[in-house]
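# Examining the three-dimensional arrangement
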Amino acid sequence: LERKGPFFRGERLRVCVATCNRADYSKLAPIMFGIKSHPEIFDLEVVVLGSHLIDDYGNTFRMIEQDEFDIGSKLHTIVRGEDEAAMVESVGLALVKLPDVLQRLAPDILLVHGDRFDALALATAAALMNIRILHLEGGEVSGTIDDSIRHAISKLAHYHAVCTRSAERHLISMCEDHSHILLAGCPSYDKLLSAHQRDDYTDIIKSWLGDDVKEQDYIVALQHPVTTDIKNSIKIYELMLDALISFNKRTLVLFPNIDAGSKEMVRVMRRKGIEQHPNFRAVKHVPFDQFIQLVAHAGCMIGNSSCGVREAGAFGTPVINLGTRQTGRETGENVLHVRDADTHNKIYHALELQFGKRYPCSKIYGDGNAVQRILKFMQSIDLSEPLQKKFCFPPVKECISQDIDHILETQSALAVDLGGTNLRVAIVSMKGKVVKKYVQLNPKTFEERIELILTMCKQAMADAVHLNCRILGVGIGGGIIQHNELIHGSTFCAAELGHIVVSLEGPECMCGSHGCIEAYSSGLALQREAKRLHDEDLLLVEGMTVNNKEQVNAIHLINAAHLGNSKAESVLHTAGTALGLGIVNILHMINPSLVILSGVLAAHYENPVRQVISQRALLSAQGTKVMVSELEDPALLGAASMVLDYTTRRTY
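The rules we used
- Residues numbered from 1 in each chain as written.
- Predicted model: local features only at pLDDT ≥ 70, side-chain atom pairs only at ≥ 80, totals over all residues.
- Heavy atoms only, no water.
- Helix = DSSP H or I, 4+ residues; strand = E, 2+ residues; numbered from the N terminus.
- Rg over C-alpha atoms; globule rule 2.2 N^0.38 Å.
- Buried < 20%, exposed > 50% of the residue type's maximum accessible area, 1.4 Å probe, protein only.
- Contact = heavy atoms within 4.5 Å.
- Pairing = 2+ DSSP bridges.
- Axes fitted to C-alpha atoms, helices over the stretch in contact; angles between N-to-C directions.
- Left-handed = near helix turned anticlockwise from the far one by under 90°.
- Nonpolar A, V, L, I, M, F, W, Y, C, P; charged D, E, K, R; others polar.
- Salt bridge = Lys/Arg side-chain N within 4 Å of Asp/Glu carboxyl O.
- Right-handed = clockwise from strand over helix to strand, strands pointing away.
- UniProt positions renumbered as here; feature names shortened; annotations may be inferred.
- Phe/Tyr/Trp six-rings, centres within 6.5 Å; stacked < 30°, edge-to-face > 60°.
- Lys NZ or Arg CZ within 6 Å of the ring centre and 35° of its normal.
- Parallel < 35°, antiparallel > 145°, perpendicular 65-115°, else oblique.

Our focus in this paragraph is the overall build of the protein. Scanning the protein from terminus to terminus reveals 22 helices and 21 strands. Relative to the compact-globule value of 26 Å for 652 residues, the protein shows a C-alpha radius of gyration of 35 Å, a clear excess of over 25%. Dimensions along the principal axes, computed over C-alpha positions, put the protein at roughly 110 × 55 × 45 Å. By the burial criterion, 52% of the 652 residues in the protein qualify as buried. Taking all contacts inside the protein whose residues are at least 6 apart in sequence as the whole, residues at least 24 apart take part in 68%.

With that settled, consider the sheet that holds strand 14 (residues 410-418). The strand order 16-15-14-17 describes an open sheet built from 4 strands, whose pairing is mixed. Strands at the two margins of the open sheet, each flanked by one partner only, are strand 16 (434-441) and strand 17 (469-476). With strand direction ignored, the average angle separating the axes of adjacent strands in the sheet is 15°. The pairing of strand 14 with strand 15 (residues 422-429) spans 7 bridges and is antiparallel. Bridge pairing in strand 15 links D417 to R424. Across the sheet, helix 16 (residues 446-466) is in contact with strand 14, strand 15, strand 16 and strand 17; its angle to strand 15 comes to roughly 25°. Set on the sheet, helix 22 (residues 634-647) makes contact with strand 14, strand 15, strand 16 and strand 17; between it and strand 14 the angle comes to about 135°.

Here we take up the packing of helix 19 (residues 554-562) against helix 20 (residues 566-590). The contact between helix 19 and helix 20 brings their axes to 7 Å, and the two run at 115°. Classified by chirality, the crossing of helix 20 by helix 19 is left-handed. Here helix 19 contributes L557, I558, A560 and A561 to the contact with helix 20, which in turn contributes A568, E569, V571 and L572. Across the contact of helix 19 with helix 20, the residue classes tally to 7 nonpolar, no polar and 1 charged.

Further remarks concern the pairing of strand 14. Note that strand 14 and strand 17 share 6 bridges and pair parallel. Note that in strand 17 the partner of T410 across the bridge is C469.

Next up on the list: the pattern of salt bridges. For the coordinates displayed, the defined rule picks out 29 salt bridges. Here D217 ties to K249 by a salt bridge, and the two come within 2.9 Å at their closest N and O atoms. With D217 in the loop between helix 8 (201-209) and strand 8 (218-222) and K249 in the loop between helix 9 (230-247) and strand 9 (250-254), the pair connects residues that are 32 residues apart, well separated along the chain. When its relative accessible area of 31% is taken as the criterion, D217 is described as partly exposed. We classify K249 as partly exposed; its relative accessible area is 25%. The network of salt bridges with common partners includes K27, E137, E140, R310 and E311.

What you tend to see is this: most non-glycine residues have negative phi, and most peptide bonds are trans. With a phi angle near 65°, N248 is a residue other than glycine that sits in the positive phi range. By the element assignment, N248 lies in the loop between helix 9 and strand 9. Not every positive phi belongs to a glycine, and A495 is a case in point at roughly 65°. Exposure remark for A495: the relative accessible area of 18% places this residue in the buried category.

The side chains of a regular strand alternate between both faces of the sheet. With 6 of 7 residues buried, strand 1 (residues 13-19) is to be regarded as a mostly interior element. Pairing geometry for strand 1 and strand 2 (residues 42-49), over 7 bridges, is parallel. Bridge pairing links T19 to V48 in strand 2. Viewed along the sheet, the connection from strand 1 through helix 1 (residues 22-36) into strand 2 turns out right-handed. Two strands pair when backbone bridges link them, and strand 1 and strand 4 (residues 109-113) are joined in this way by 3 bridges, in the parallel orientation. Across the sheet, residue V17 finds its bridge partner in strand 4, namely L111.

Moving on: the UniProt feature "binding site: Zn(2+)" (unreviewed entry) in the protein. As annotated in UniProt, the feature "binding site: Zn(2+)" (unreviewed entry) corresponds to H499, C509, C511 and C516 in the numbering used here. Separation in sequence by 18 residues is not matched in space for these annotated residues, since their most distant C-alpha atoms are only 8.8 Å apart. Positionally, H499 belongs in the loop between strand 19 (485-486) and helix 17 (517-521). H499 sits in the partly exposed class, given a relative accessible area of 27%. Contacts of H499, omitting those with residues within four sequence positions, involve C509, C511, C516 and E518. By the element assignment, C509 lies in the loop between strand 19 and helix 17. Excluding residues within four positions of it along the chain, C509 makes contact with H499, C516, E518 and A519.

Here we come to the packing of aromatic side chains. Applying the stated criterion across every chain, the model contains 4 aromatic pairs. Between F33 and F69, the aromatic rings sit 4.8 Å apart at their centres with planes inclined by 55°, giving tilted as the arrangement. Pair noted here: F33 is in helix 1 and F69 is in the loop between helix 2 (61-66) and strand 3 (71-75), with a separation of 36 residues, a long-range link. For F33, a relative accessible area of 37% puts it in the partly exposed group. Aromatic side chains Y159 and F377 sit 6.2 Å apart centroid to centroid with 80° between the ring planes, which places their arrangement in the edge-to-face category. Pair noted here: Y159 is in strand 6 (residues 159-162) and F377 is in helix 14 (residues 370-380), with a separation of 218 residues, a long-range link. In this structure, Y159 and F377 share a single accessibility class: buried. By the ring-pair criterion, three or more aromatic residues cluster together here, those being F247, Y348 and F355. Taking the ring centre of F69 as reference, the NZ or CZ of K36 above it sits at 5.1 Å.

Let's shift gears to the packing of helix 1 against helix 14. Remark: helix 1 packs on helix 14, axes separated minimally by 9 Å, with the N-to-C direction vectors making an angle of 60°. Classified by the angle between their axes, helix 1 and helix 14 sit oblique to one another. For the pair helix 1 and helix 14, the crossing hand works out as right-handed. Judged by residue contacts, P30, I31, G34 and I35 of helix 1 engage V371, I374, L375 and M378 from helix 14. Along the lines of polarity and charge, the residues of the contact of helix 1 with helix 14 split into 7 nonpolar, 1 polar and no charged.

We now examine the environment of L111. Structurally, L111 is set in strand 4. On the accessibility criterion, L111 (0% relative accessible area) is buried. Along the primary structure L111 and L122 are separated by 11 residues, whereas in three dimensions their C-alpha atoms are 9.4 Å apart. Not counting residues within four places of it along the chain, the set of residues in contact with L111 comprises V15, C16, V17, A18, L28, I31, L134, L136 and M378.

Encoded structure:
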């Protein structure tokens, strides 16, 4: 770094770093070391407030002193109570105490980190006193009150150093000036990426978890209250501890932060005897450099700390993120979300899935060079520039991540087969299993059919909830698939294959036309011919009987043909020939390599279709293979496969 830039007025750039708790210090410390290493350029002032000065939270200001930083001001700003009112009073107390300190220090730039209520007080005071604010880690989304605080600080801040490209886009969409945003990466990554292979990590593991604990055979648990839903977050904490007790692995449990609800969480921990349990080590604070090693070599990390969705990804450590506190944050594939952590079994199952795995290391939040970028960025700040902001309104891209519910639920589709005789609806799983099937006679009118289809689908959707099936979409059988896509046609009338006309003078079809394949070859067509023969006393042969109460159908016609009834044989031959002619037309239009016949009549049509193809098809299409499907419900399975393939297809 060179001592130059718009700020230079013959004196150093006065930078005030304010830290409120152990978490934000881990992000600020690398920058503080960087500032300290360039005394010819920067003048560093350190202000400590918040839970750093609370004994119950480890008096963590001492680690700042151990790092040999001079603390210029210590402000006791926490009103105890650990509830919502105490948080508000703490913000008010900080606002009362900060003006004197900021006026005395008169910094050129105030560094504020993150989304804590203490940081909101810092940003509010500095903005009102016309002190330039550099906000670290703005633009991220986590799904709790922290979002509101973080975005509020971003609106008060004049400059931003963000960790990810997505966070940068979020700030731009929030009207922040693009030229005042630095895509730096996370400062803590500078240290943790270089410290990943520290030689004494086994000693650190043993010192915190015991001499008998091995690498990747322990769990790190860190769960904080969700201030917008304290009751539920305490319930999740209790369920997490129950699951960890059942899982029976050595576990390092860190006490929650000072947010509203933390007192109740500590009570839960003590009621369950966690501090005395042989499998648990409960601690208030672990120095960051040691905490890095514990996370890097853990068999799993569980809770809702941002460390789980951020720093842990750099090591490929498996993470289970519980509840909504980090909803929306970008994560690597190492993170499994259990947003509705409403049962002990669900969390236990997540532990079974994640514990002991290793994932590819992720650098979503940084590449190890954040501090150098931030120092250069501060040098470039023009102190003569007005503080008034500029505005713009670009779009923001949403983030996608995996969820435990998608794993525990059976991904399924609703398949619909609109047959001539029956309407069939089925819940079909990803593995091709028909979970439940519904069959109803096909009504005669279009309106009745649509109404019945909707009724059957509604029933299936209701049953799917009880069967633990997640319905991804609805597929209707019958159609042409090209390049894995269903051909619809301009008016959604494509692939009405049953209504290909094979004879100008053929029987009337249900569609109103004459000579369609369906009029010759469908189950209803054969039933019609069987009834005609029966009425003329031409159906029954020796060995056949039809009960007076029994309705004559296609099966009777097939049985009669098998028993040598020439009239029945003629009907089946005509039906097979009609189907064969229709298929020849399809071969000439689409030229497929394979024809699969399905349904109860398929076996009876196989040979006639082959004969017609050999006699009528062009030479280039005569080699097309014809076979009968062995599947029980091919139309339903085919319809379902379209939905399941499309909705689960990965996009990159």
